[in-house]
Amino acid sequence: METPRMGMPERLVERLSMAEQHEYLRSRLSRRGLLRGGTAVAGSVAGAGLLGGSANAVGAGATARTGPTLVTSPATGHVDGALVAPFGRHLAFGGDPRTQMRVSWQVPVAVKHPYLRVGVEPWELGHKIPAEVRALHTPALSDKGAAVDQVYLHAALDGLQPGTTYYYGVGHDGFDPASPRAFATIGSFTTAPPRGTRAPFTFTAFGDQGVGYHAIANDSLVLAQNPVFHLHAGDICYADPDGQGLPADGKDYDARTWDQFFAQTESVASRVPWMVTTGNHDMEAWYSPNGYGGNEARFAFPGTGPDKADAPGVYSFTYGNVGVVALDANDVSYEIPANYGYTHGRQTAWLDERLARLRELAGIDFIVVFFHHCAYSTTSAHASDAGVRDKWVPLFEKHKVDLVVNGHNHVYERSDAIRDGAVSKQVPIGATAHPDRDGIVYVTAGGAGRALYSFPVADSYEGHEKRIDDVRTYHWTKSKEKAPETVHWSRVRYTGFSFIKVHAVPAAKGRTTTLAVSAVSDTGERVDHFTLARTAK
Ligand SMILES: [Fe+2]
Ligand SMILES: [Fe+2]
């Protein structure tokens, strides 16, 4: 028997795209009279373009994009600002990490004249830079839900000096971060070094975090690595705990989970640029046709992705000798196809062009790509998505990408070097791979905090190695079926909360430069390590 979900028969909702679900939710709530006439106005909120940054792509080519339509409520600030303290500060690079930083934060109620102050000394913050207000209204999406109003504030800093530490404070009328009572709220960040600098640096990455004690433990350990940026490979906070890309997901949707998430994340993200991309749980149908309208209100994305695709989680930036590319795998996933093909091929075309450009860019030795769904994983829950294999893996191999980082599977798993779907070189724990000739190592780093998955065979990780060369698993096909396969590339498996740490050591032209990759558990144990090496350009 079919179960009606949000008034729709099951066989119908399975086929709805995210855009159709958005329309459905809007019309259903409109019929129920839940759209508030006086304060709910359709406003246009742009991505990075509205922040006033030049948001240059690597090289050139980025233009300001028109963002999705959001339902916003005016943040007029009728509460005494002295009663309100900002929370949930989170940083993000603009298109050029050497000169651009975006500072974002939240207030629990609307405030008057929100602003940012910044300076090179914490006791000498500069003038007030007005913040952009992105107020987000979420109606009750089910009978047990509640309407939520959230106020996000964003300020763009352009023209910064490379390799420089800045201090900043955020405030509003009645709350001045430069005043003695608010001095402890001051944060800091450091811009990327000038081109040609060869100082080593570390960055970190994980996916599938949510809120909770394991998520907090991972954040603490991430901060302790002193990373210059952090990558979050999607499934960010799980305000939508179902994540199937279906209208029924709305029944459990709770926008307030984002408040918990930003409060949890502030200890790291107020100091470390926190670069997110979008997973299946980050498609939130209420806000916009592609489900990313809420994300665009909450985060400042670099805006260096393909034009007019409305894909905020698609962008690239460079730091030192590393080029980083963020992708939105909802565009190619066979398993959860609600946004399948929503960029009409623009993302994949952009990826091909961007990888080629990064490969040619002077001073860039390594390319790291991160996104949500796995090309290569063996867990019993999601395993591999052939959509990623079909659309993107050929481009990764064509441009000899050095490292691919995914989430979606809530474990740590790491492959041997792979080419054409098979092991091209075994990379045991502690080994070195040369991506230009050996193939690509794929890392699943989905153990950031959400409930763990399991493997079909025993774990095998540093100090607990149980070599198994044949793993019976499956991949998702275009017809959304699980196709069995026996694979030989699952080299490291760890069922535990964890993240990865990547230590880059640049080198002079013609010398060997390395990326040392470690997986670290939320109790601080190293569970894997390997090295990627190239000849510096
Ligand atoms: Fe997840
Ligand atoms: Fe996921």
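Here, the structure is the one placed above.
Residues numbered from 1 in each chain as written. Chains lettered and ligands numbered in written order. Predicted model: local features only at pLDDT ≥ 70, side-chain atom pairs only at ≥ 80, totals over all residues. Heavy atoms only, no water.

Engineer: Honestly, the sheet that holds strand 5 (residues 115-119) in this entry has me stumped. Any pointers?
Structural biologist: One open sheet accounts for four strands, arranged 6-5-9-10; its pairing is antiparallel. Where the open sheet ends on each side, the last strands, each with one partner, are strand 6 (129-130) and strand 10 (187-190). Pairing geometry for strand 9 (residues 165-171) and strand 10, over four bridges, is antiparallel. Within strand 10, the position partnered with Tyr167 by the bridge is Ser188. (Pairing = 2+ DSSP bridges. Helix = DSSP H or I, 4+ residues; strand = E, 2+ residues; numbered from the N terminus.)

Engineer: Would you take a moment to explain the coordination of the iron ion (ligand 1) for this structure?
Structural biologist: Tetrahedral coordination by four donors sets the ideal angle at the metal to 109.5 degrees; octahedral coordination by six donors sets it to 90 or 180 degrees. Only Asp208 (OD), Asp235 (OD), Tyr238 (OH) and His410 (NE2) from the protein coordinate the iron ion (ligand 1), and they sit 2.1 to 2.2 Å from it. Seen from the iron ion (ligand 1), its four donor atoms lie at angles of 88 to 176°, and the figure they make is irregular. Of note, the donors binding the iron ion (ligand 1) are all from one chain and are spaced D-x26-D-x2-Y-x171-H. In this structure, the iron ion (ligand 1) lies 3.3 Å away from the iron ion (ligand 2), the two metals sharing Asp235 as a donor. Of this pair, Asp208 sits in the loop between strand 11 (201-206) and helix 3 (213-224) while Tyr238 sits in the loop between strand 12 (230-232) and helix 4 (257-269), and the two are 30 residues apart along the sequence. Using a relative accessible area of 0% as the deciding quantity, one classes Asp208 as buried. (Donors = N, O, S within 2.8 Å, 3.2 Å for Na, K, Ca; no water. Tetrahedral: all angles 85-135°; square planar, octahedral: opposite > 155°, others 65-115°. Buried < 20%, exposed > 50% of the residue type's maximum accessible area, 1.4 Å probe, protein only.)

Engineer: Please explain the layout of surface pockets as it appears in this structure.
Structural biologist: The probe, sized like a water molecule, is rolled over the atoms to show the empty space still left. As a volume, the largest pocket reaches approximately 320 Å³. Residues of the lining of the largest pocket, tallied by class, amount to nine nonpolar, six polar and six charged. (1 Å grid on protein atoms, 1.4 Å probe; cavity = no way out; pocket = protein on both sides within 12 Å on 5 of 7 lines; lining within 4 Å. Points joined across faces, edges and corners; volume = space filled by probe spheres on them. Nonpolar A, V, L, I, M, F, W, Y, C, P; charged D, E, K, R; others polar.)

Engineer: Please explain the sheet that holds strand 21 (residues 432-433) as it appears in this structure.
Structural biologist: Each strand in a sheet pairs with its neighbour through backbone hydrogen bonds, running either in the same direction (parallel) or in the opposite one (antiparallel). Reading across the sheet, the seven strands line up as 13-12-11-26-27-28-21 and stay open at both edges, with mixed pairing between neighbours. Since the sheet does not close on itself, it has two edges, and those belong to strand 13 (274-276) and strand 21, each with one partner. Summarising the sheet, strand 11 and strand 12 pair through three bridges and their orientation is parallel. Within strand 12, the residue paired with Phe206 across the bridge is His232.

Engineer: Sorry, what's going on with the packing of helix 3 against helix 4 here?
Structural biologist: Packed helix pairs are specified by the crossing angle of their axes together with the interaxial distance, meaning the distance between the axes. Packing of helix 3 against helix 4 brings their axes to within 9 Å, and their N-to-C directions diverge by 15°. Comparing their axes, helix 4 and helix 3 come out roughly parallel. As helix 3 runs across helix 4, the sense of the crossing is right-handed. Of helix 4, the residues touching helix 3 (which contributes Ala215, Ile216, Asp219, Val222 and Leu223) are Gln264, Thr265, Ser267 and Val268. For the contact of helix 3 with helix 4, the residue count by class is five nonpolar, three polar and one charged. (Axes fitted to C-alpha atoms, helices over the stretch in contact; angles between N-to-C directions. Parallel < 35°, antiparallel > 145°, perpendicular 65-115°, else oblique. Left-handed = near helix turned anticlockwise from the far one by under 90°. Contact = heavy atoms within 4.5 Å.)

From the geometry alone we can't say anything about function, so treat these as descriptive.
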